[in-house]
Amino acid sequence: MTRRLQTFLTIAAISFLSSTATSAQPGRTAPSFEGWTVDCGNTGACFASAFTRSQSVWVDVRIVRDWQAEAQPLVRLTTNTQLPQEGMLRFDVDGSTIEELPIEQLREMQSAITPPTGFRPLGGDGFWYPAGPASVTLLDAMQKGQVLTVHLPAGESTDPTSVPVPLQGLKSSLLWLDNRQDRTGTEAAIVSPGTNPAKDAPHALPILSADQLPPEVAAIWSANRLCSAIDPTIFASLNAVRVPLAESASLYIIPCGAPTPYNSPYVAVLSGKDGAARQIHVARMSEKGPIASDLIYNARWVPADQQLVSYFKGSGVGECGLWNRWFWNGTGLVLMEEATRKTCDGTEPDLSNWSSTWPLKNTAD
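Only a predicted model underlies this, so the values are computations on that prediction, with no experimental measurement involved.

A. How the structure looks around the packing of aromatic side chains. Under the definition given, this model contains 6 aromatic pairs. Between Arg-62 and the ring centre of Phe-47, over which it is positioned, the NZ or CZ distance is 4.6 Å. Just above the ring of Trp-128 sits the side chain of Arg-76; from NZ or CZ to the centre is 5.1 Å.

B. Looking closely at the pairing of strand β8 (residues 125–128). Of the two faces of β8, the one lined by Asp-125 and Phe-127 and the one lined by Gly-126 and Trp-128 are each fully buried. Taken together, the 4 bridges between strand β5 (residues 74–79) and β8 define a ladder with antiparallel strand orientation. By the bridge assignment for β8, Thr-78 is matched with Gly-126.

C. Representation of the environment of Met-109. With respect to the helices, strands and loops of the structure, Met-109 is situated in the loop between α2 (103–108) and β8. Taking the C-alpha atoms as reference points, Met-109 and Ala-131, separated by 22 residues in sequence, lie 9.7 Å from one another. Not counting residues up to four positions away in its chain, the partners in contact with Met-109 are Trp-128, Tyr-129, Pro-130 and Ala-131.

D. The state of the cysteines, seen in detail. The tally for this structure, following the rule as stated, stands at 3 disulfides. For Cys-40, the disulfide goes to Cys-46, at an S-S distance of 1.9 Å. The sign of the 95 degrees torsion about the S-S bond sets the Cys-40-Cys-46 disulfide as right-handed. The class for Cys-40 is buried, based on a relative accessible area of 12%. Disulfide pairing is shown between Cys-227 and Cys-256; the S-S distance is 2.0 Å. Taking the sign of the torsion about the S-S bond as the criterion, the disulfide between Cys-227 and Cys-256, at about -90 degrees, is left-handed. Linking Cys-227 in the loop between α5 (215–223) and α6 (232–235) with Cys-256 in the loop between β13 (250–255) and β14 (265–271), this pair joins segments that are 29 residues apart in sequence. The exposure classification of Cys-227 matches that of Cys-256, with both residues buried.

E. The nonpolar core, seen in detail. Grouped together as the largest cluster of nonpolar side chains are 42 residues, with contacts concentrated most on Trp-36, Phe-91, Met-142, Leu-148 and Leu-152. The contacts of Phe-91, once residues within four sequence positions are left out, are Leu-77, Ser-96, Thr-97, Ile-98, Glu-99, Leu-101, Tyr-129, Leu-138, Leu-148, Thr-149 and Val-150. If you look at the next biggest cluster of nonpolar residues, it comprises 40 residues, including Ala-204, Val-241, Leu-245 and Trp-326.

F. Just the sheet that holds strand β3 (residues 46–54), in detail. The strand order β1-β2-β3-β4-β5-β8 describes an open sheet built from 6 strands, whose pairing is antiparallel. Each end of this open sheet is capped by a strand with a single partner; those strands are β1 (32–33) and β8. Across 5 bridges, the pairing between strand β2 (residues 36–40) and β3 is antiparallel. By the bridge assignment, Asp-39 is partnered in β3 with Phe-47. Each of β1, β2, β3 and β4 (57–65) touches helix α4 (residues 170–180); the most contacted strand, β2, lies at about 10 degrees to it.

G. Spotlight on the sheet that holds strand β20 (residues 307–313). The strand order β19-β20-β21-β22-β23 describes an open sheet built from 5 strands, whose pairing is antiparallel. Each edge of the sheet is formed by a strand with only one pairing partner; in this case those strands are β19 (300–302) and β23 (355–358). Direction aside, the axes of adjacent strands within the sheet are offset by 20 degrees on average. One ladder, built from 7 bridges, connects β20 with strand β21 (residues 321–328); its direction is antiparallel. Along β21, the bridge assignment pairs Tyr-311 with Trp-323.

H. Geometry of the pattern of salt bridges. Scanning all chains against the criterion turns up 13 salt bridges. When the shortest N-O distance is used, the salt bridge between Asp-305 and Arg-180 registers 2.4 Å. Note that Asp-305 is positioned in the loop between β19 and β20 and Arg-180 in helix α4, a separation of 125 residues in sequence.

I. Just unusual backbone geometry, in detail. For the bond running from Trp-358 to Pro-359, omega is 0 degrees, close enough to zero to count as cis. The backbone of Gln-55 sits at a positive phi, close to 60 degrees, despite the residue not being glycine. Of note, Gln-55 is situated in the loop between β3 and β4. With relative accessibility at 74%, the residue Gln-55 sits in the exposed group. One non-glycine residue, Ser-248, adopts positive backbone phi at about 65 degrees. One can find Ser-248 in the loop between β12 (240–244) and β13.

Calculation notes
- Residues numbered from 1 in each chain as written.
- Predicted model: local features only at pLDDT ≥ 70, side-chain atom pairs only at ≥ 80, totals over all residues.
- Heavy atoms only, no water.
- Phe/Tyr/Trp six-rings, centres within 6.5 Å; stacked < 30°, edge-to-face > 60°.
- Lys NZ or Arg CZ within 6 Å of the ring centre and 35° of its normal.
- Buried < 20%, exposed > 50% of the residue type's maximum accessible area, 1.4 Å probe, protein only.
- Helix = DSSP H or I, 4+ residues; strand = E, 2+ residues; numbered from the N terminus.
- Pairing = 2+ DSSP bridges.
- Contact = heavy atoms within 4.5 Å.
- Disulfide = S-S within 2.5 Å.
- Core = buried A, V, L, I, M, F, W, Y, C linked by side-chain atoms within 4.5 Å.
- Axes fitted to C-alpha atoms, helices over the stretch in contact; angles between N-to-C directions.
- Salt bridge = Lys/Arg side-chain N within 4 Å of Asp/Glu carboxyl O.

Structure below.
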């Protein structure tokens, strides 16, 4: 049986499932709640964030939580203004001061906080809020309030600035995080903790170096195209993961070669319980029918759904290109959805309006 025929049969086998997909299926873009956006990384670490600008100054407030059962929510503040070595950083909710922190003390305590592996903060001056009870107090006040005001001290070339961050949508965002990490009703839930014990969220394990690949997986990776021709420092920043599967098997999502300005190629390799490894090909649609491909661009693994997403950008804006979503069925990645936009016109990307090339439309419609 040829690979092309195998791909066609795989697609045909899921056509009914795909065509009857409901709104419960993941969307093409991460959801947002009244200015708060939510998303998860390849490992299963999730976050809710709000980006707010006041004149020329912006702040990004981000609540981040890793996948481990014992992981606590962390609060991170990033701003584009250079903060001074001294001064006070103040957080108010609805006019009441929650915390006032000396900048010098805040800088000193950063090394005591361990962020999720692979977490890369936004550019700018950023700080983790004190972890533990202080973060719990702040999050509790934010959930009950309407506006968080971040008071930034004056830098060398700036005046003191107060940036209001609307809190509408925050509670829905945190509930999304609880649900996505399967923590609702457990002691680890942020919104409505329950009595059930905390457990690990759906996750994958980060791979920061090619040296972490088993020999059988590394052999396939090295032999494929120019996969191994990649700077180790670049490899570490591309969110490679190992997905634990049943019977001690693993699925590896690994960068394949140096990224281009818009796109990073990846390959998927399955390592069985016996240690043997094989490359996983994925199905895509073409004008002449289904085809098999070994490259997955800008790969995003979704642990909660056991799904892999590819978003090939036709431009730096990302308003054109190809988007795919596959489901791991235990033996391979089956195509669930594909969409494309061929017009590169510099408009704001909106994947929800891209033309669907899979599932195929019913010709009777």
